[in-house]
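Take a look at the letters that make up each chain.
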Amino acid sequence: MSSAAPHVTGQDHSGPDHLWSVDEHLEDILATVRPLEPIELHLLDAQGCVLVEDITVPVSLPPFDNSSMDGYAVRVADVAGASEEFPAALEVVGDVAAGQADLLHVGPGQAARIMTGAPLPAGAETVVPVEWTDGGLGEGPVHGMRARSLAPEGATGHVLVYRPAEARAHVRAKGSDVKAGDRALAAGTVLGPPQISLLAAIGRGTVRVRPRPRVVVLSTGSELVQPDTELGTGQIYDSNSFALTAAARDAGAIAYRVGAVADDAEILRSTIEDQLVRADLMVTTGGVSVGAYDVVKEALSHVADEDEAGSGIEFRKLAMQPGKPQGFGSIGPDHTPLLALPGNPVSSYVSFELFVRPAIRTLMGLKDVHRPTTRATLSADKALTSPKGRRQFLRGTYADGKVTPVGGAGSHLVAALAHADALIAVPEDTVSVEPGTEVEVVLLGR
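These numbers were taken from a predicted model, which means no experiment stands behind them.

Engineer: Which parts of the structure should I look at to understand the sheet that holds strand E14 (residues 214-220)?
Structural biologist: Two orientations exist for strands paired in a sheet by backbone hydrogen bonds: parallel and antiparallel. Spatial ordering of the open sheet is given by E1-E19-E21-E22-E18-E14-E17, a layout of seven strands whose pairing is mixed. The two strands at the open ends of the sheet, each matched to only one other strand, are strand E1 (19-20) and strand E17 (254-261). Where strand E19 (residues 312-318) lies against strand E21 (residues 325-331), six bridges are found, and the strand directions are antiparallel. Note on E21: the bridge partner recorded for Ile313 is Gly329.

If you want it as structure tokens, here you go:
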């Protein structure tokens, strides 16, 4: 994949104190990231990928008239007026099983025992379910057929039919699903299990798609330790890399989680270089603010060199809360896009939803890259406050046209985030939102 350096929109963003808007930052990302090049994949490998071409049906489905029931293939006239008191007695001329190549011919007064999915034999006009017959046993209506291996004689002899059947009853017509020449799937379709089933049914073993992007997630911080280990003084568990890796997979990517990297610029640069070989997109979390130990900023601010012209990471301040410090650019010989997110858990996750998820969906070649939004009535005990000049994103739960805040505005409140299914977006020029006010809501998990 090829990516350019960060795109500059119409305004002057060169100053270090420039405050980017959420929309400007997102526009820059989406103007830089390009869909991955299409490749040919086997069906199961293409699950979750996006088609890049229309798929035309080469053969009708079903490809022949076939039975939708286990029963008997007969002529309509031979069973007209049949009843339990006056059943129609027909000669059984053999079996027709699914996949059978040599077909029988059903003449007047005859029936062929037929299985579900088997081709309708020549001469037959309809199918009588086995439950409408005596199954050739002469003992009244039956509930099913005996296995051929146990009773091969069932394919011969006579059968009594107790009910009439209309023409083409219980017959699946050739092309009743799709006809040869029809468009089976349109370009832009995401391949899930039903779509893969259809492709297999029409004989396609491979398909041309944009592959699922490979996303490497890397968290930074000497204080981070892995779950299932004991915490030392001043240490916390690394949750961000797990959250963002899961979020990337949820967005459709193949995501790789890298263990937390200590606050050492050389180690971080080396780790990123090692991971580039398996990355279409890199995501880091932590180390992007203004502290003395913000290692991502230290390691990547001057990453560009003459051998990687056009690469580079730009660190920015955004007019949003949470998530003010952000970094974006490209890195390495293939100009792999890199998004550097803040380290606070809520800031990190909100930033992912707003910026990384759309980037992943763009790499996939999807047209709709954003979470759905709606308008909802704020249900709260008191007014929500928001800093002037910042677009605030608060966690909430959405139901029946109403949204209720969950937890406070703190960017460390992981428990509140776990119970939220929406983000309440408060505009930059709004400092207070009263209960009952209509607000914009970003719906998560949809």
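Text resumes after the structure shown.
Engineer: Mind showing me how you'd approach the packing of helix H1 (residues 22-32) against helix H7 (residues 345-364) here?
Structural biologist: Packed helices, taken two at a time, are described by the angle between their axes plus the distance between the axes. Remark: H1 packs on H7, axes separated minimally by 10 Å, with the N-to-C direction vectors making an angle of 25°. Taken together, the axis directions place H1 and H7 in an arrangement best described as roughly parallel. The element H1 and its partner H7 pack so that their crossing is right-handed. Where H1 abuts H7, its residues Val22, His25, Leu26, Ile29 and Leu30 lie against Leu354, Phe355, Pro358, Ala359 and Thr362. Counted by class, the contact of H1 with H7 contains eight nonpolar, two polar and no charged residues.

Engineer: Explain the nonpolar core to me, please; I cannot follow it from the model alone.
Structural biologist: Considering soluble globular proteins, one finds that nonpolar side chains tend to be buried as a cluster. The biggest cluster of nonpolar side chains holds 40 residues, and the ones touching the most others in it are Leu281, Phe355 and Ile360. Residue assignment for this core shows that the elements contributing at least two residues are H1, E14, helix H4 (240-251), strand E18 (281-285), strand E22 (336-341), H7 and strand E27 (422-426). Counting residues per element, this core draws most heavily on H7, at eleven residues. Setting aside residues up to four positions removed in sequence, Leu281 forms contacts with Arg214, Val215, Val216, Thr336, Pro337, Leu339, Val356, Ala359, Ile360 and Leu363. Grouped together as the second largest cluster of nonpolar side chains are 20 residues, Leu218, Leu268, Ile272 and Ala340 included.

Engineer: I tried to follow helix H5 (residues 265-275) on my own but got confused; where do I start?
Structural biologist: For an α-helix the count is 3.6 residues per turn, leaving residues at separations of three or four pointing the same way. Residues of H5 that are buried include every one of Ala265, Leu268, Thr271, Ile272 and Gln275, and no others. Angularly, the buried residues of H5 cover 125° about the axis, an arc narrow enough to put them on a single face. Across H5 from its buried face, at more than 90 degrees, point the exposed residues Glu266, Glu273 and Asp274. Here the buried face of H5 lies against E14, E17, E18, helix H6 (295-300), E21 and E22. A side-chain oxygen of the first residue of H5 lies 3.0 Å from the backbone nitrogen of Glu266; this N-cap is Asp264.

Cut-offs and rules
- Residues numbered from 1 in each chain as written.
- Predicted model: local features only at pLDDT ≥ 70, side-chain atom pairs only at ≥ 80, totals over all residues.
- Heavy atoms only, no water.
- Pairing = 2+ DSSP bridges.
- Helix = DSSP H or I, 4+ residues; strand = E, 2+ residues; numbered from the N terminus.
- Axes fitted to C-alpha atoms, helices over the stretch in contact; angles between N-to-C directions.
- Parallel < 35°, antiparallel > 145°, perpendicular 65-115°, else oblique.
- Left-handed = near helix turned anticlockwise from the far one by under 90°.
- Contact = heavy atoms within 4.5 Å.
- Nonpolar A, V, L, I, M, F, W, Y, C, P; charged D, E, K, R; others polar.
- Core = buried A, V, L, I, M, F, W, Y, C linked by side-chain atoms within 4.5 Å.
- Buried < 20%, exposed > 50% of the residue type's maximum accessible area, 1.4 Å probe, protein only.
- Arc of directions from axis to C-beta.
- Polar contact = N/O pair within 3.5 Å; in protein donor to acceptor, adjacent residues only side chain to side chain.

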